Amino acid sequence: MFSGKSTSITLEKSCKEQSENVEIKLVLENDSEGKSSGLFYGKGTSSAEFRSVAPLRYEVIYPEASYNKLPASHMELIPVEGGYRAVIRDHIPEDKELRESTCYFEKMEVILKPLDEPVDSVKARAKDLLSAEYIMTEGFHLIFNKNEFRAAEALGYKALPILERLYGKLIKEAFYADAIISLALMGLERFDEALNIIAPYHKVLPDDKILKELEELLQKSKKEQDDLFRYDPDSKEDIDLDPLA
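(A) Expanded view of the environment of E81. If you trace the backbone, E81 turns up in the loop between β6 (73-80) and β7 (83-89). Judged by its relative accessible area of 76%, E81 is exposed. Residues E81 and R99 lie 18 residues apart in sequence; the distance between their C-alpha atoms is 36 Å.

Printed below as a string of structure tokens:
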């Protein structure tokens, strides 16, 4: 097992995010034939699984890439004193919408040193995170591409306890599962419930751009619904209306 921080990052040119340090933990294993594979996860990057295609060269499979049937990314491990230098090059999709949905590494280098932690616990955490990311990838796909909101809501509730167990409640990592639930509820026009889901994050993520955008979208949709009920002559809502004239 190894861990390390990025020493250089080159993002795909259309990425609007700022480059940040990436920290990863990597589990590397050999099978009975001597071929190596493993998992990595960390801060600033998606979780991934990888498999050997040549000595110290690997295909990297991210959940989003796997779900969208994209070609694998690639990683090379270069031996250095006391560990490895990992060079990761993401496959950058041609589809503009896929490029805009996330940031891709044209090239990222990470210096990896041996990690003194129990192998089983790190491996279990890596598997759980990978599983949660697959669940959330499908959840977002159901919302934005298929309008299957009830199924997406169920997936959000499936991913949430995994992330809360690994990270804790009301933190950014758990927020993404709650965002799926909130977006699914918005699709079902249950705006008050959707707003209640994300409300507890205000104190812990006061400046989070995604949280602010989601809340603004929900407030706007809720207002449109309220106005429709207010002025719709066919509405059966038992509410008092101000005179229109």
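(B) Region of interest: the pattern of salt bridges. Applying the stated criterion across every chain yields a total of eleven salt bridges. E76 is the salt-bridge partner of R57, the closest N and O atoms lying 3.4 Å from each other. Remark: E76 occurs in strand β6 and R57 occurs in strand β5 (residues 57-61); sequence separation between them is 19 residues. In the salt-bridge network here, residues are joined through shared partners; they are R85, K107 and E109.

(C) The arrangement of helix α6 (residues 191-198) in detail. Those residues of α6 that sit buried are F191, A194, L195, I197 and I198. Looking straight down α6, one finds that the buried residues subtend no more than 155 degrees of arc, so they occupy a single side.

(D) Structural view of the packing of helix α4 (residues 149-167) against helix α5 (residues 172-187). Interhelical geometry of α4 versus α5 gives an angle of 165 degrees and a closest axis separation of 8 Å. In this view, α4 runs roughly antiparallel relative to α5, as classed from their interaxial angle. Here the hand of the crossing between α4 and α5 comes out left-handed. Facing α4, whose interface residues are F149, A152, E153, G156, Y157, A159, L160, L163, E164 and Y167, α5 presents E173, A174, A177, D178, I180, I181, A184, L185 and G187. Residue composition of the contact of α4 with α5, grouped by class: 13 nonpolar, two polar and four charged.

(E) Focus on the packing of α5 against α6. α6 packs onto α5 with a crossing angle of 170 degrees between their chain directions and a minimal axis gap of 8 Å. What the angle tells us is that α5 and α6 run roughly antiparallel. The segment α5 lies against α6, with F175, D178, I181, S182, L185 and M186 engaging F191, E193, A194, I197 and I198. Looking at the contact of α5 with α6 residue by residue, the class counts come to eight nonpolar, one polar and two charged.

(F) Inspection of the pairing of strand β3 (residues 36-43) at higher detail. Judged from the eight bridges that link them, strand β2 (residues 23-30) and β3 form a sheet pairing that is antiparallel. Bridge assignment links I24 to a residue of β3, and that residue is G42. Taken together, the four bridges between β3 and strand β4 (residues 48-54) define a ladder with antiparallel strand orientation. By the bridge assignment for β4, F40 is matched with A48. Connecting β3 to the antiparallel partner β4 that follows it, the hairpin turn spans four residues, and G44 within it adopts a positive phi of roughly 90 degrees.

(G) Quick look at α5. End to end, α5 covers 22 Å across 16 residues, agreeing with the expected 22 Å (1.5 Å per residue, within 8%). For α5, the buried fraction is high: twelve of the 16 residues fall into the buried class. Looking only at α5, the buried set comprises A174, F175, A177, D178, A179, I180, I181, S182, L183, A184, L185 and M186. E189, located one to two residues past α5, shows a positive phi value of around 60 degrees.

(H) The arrangement of the nonpolar core in detail. In terms of nonpolar packing, the biggest core is built from 42 residues, with I143, F175, I198, L214 and L218 touching the most fellow members. Secondary structure elements with two or more residues in this core: β3, α3 (119-146), α4, α5, α6 and α7 (209-231). Each residue touching L218, except ones within four places of it in the same chain, is listed here: S182, M186, F191, A194, L195 and I198. Formed by 23 residues, the second largest nonpolar core is a distinct cluster that contains V22, F50, Y62 and V110.

(I) View of the environment of K223. Looking at the secondary structure, you find K223 in helix α7. Of the residues examined, K223 reaches a relative accessible area of 53% and is grouped as exposed. Distance in space between the C-alpha atoms of K223 and F191 is 9.4 Å, their sequence separation being 32 residues.

Basis of the calculations
The numbers attached to residues start from 1 for each chain and follow its sequence in the written order. With pLDDT at 70 or above as the cut-off, local features in this predicted model cover only qualifying residues; side-chain atom pairs require 80 or more to be listed or tallied, and sums for whole chains, interfaces and linings still use all residues. Processing note: side-chain calculations cover all non-hydrogen atoms of the structure and skip hydrogens and water entirely. Under the scheme used here, helices are H or I runs from DSSP no shorter than 4 residues and strands are E runs no shorter than 2 residues, and both carry numbers assigned from the N terminus. When a residue's accessible area, from a 1.4 Å probe over protein chains only, is under 20% of the maximum for its type it is buried; when over 50% it is exposed; and in between it is partly exposed. The term salt bridge refers to a pairing of a side-chain nitrogen on Lys or Arg with a carboxyl oxygen on Asp or Glu at a separation within 4 Å. Of all possible arcs, the one meant is that of the directions from the helix axis to the C-beta atoms. Axis definition: a line fit to C-alpha positions, over the contact stretch in the case of helices; interaxial angles, taken between N-to-C directions, run 0 to 180 degrees. Roughly parallel here means an angle under 35 degrees, roughly antiparallel means over 145, roughly perpendicular means 65 to 115, and every remaining angle is called oblique. For any helix crossing, the convention is left-handed if the near helix is rotated counterclockwise from the far helix by under a right angle, and right-handed if that rotation is clockwise. Residue contacts follow a heavy-atom distance rule, with two residues in contact if any of their heavy atoms lie within 4.5 Å. Residue classes follow a fixed rule: Ala, Val, Leu, Ile, Met, Phe, Trp, Tyr, Cys and Pro count as nonpolar, while Asp, Glu, Lys and Arg count as charged, and any other residue, Gly among them, counts as polar. When DSSP finds at least two bridges between two strands, those strands are taken to pair. Expected span of a helix: the number of residues minus one, times 1.5 Å. Put simply, buried Ala, Val, Leu, Ile, Met, Phe, Trp, Tyr and Cys residues joined by side-chain atoms within 4.5 Å make one nonpolar core.

Geometric descriptors of this kind do not, in isolation, establish any biological role.
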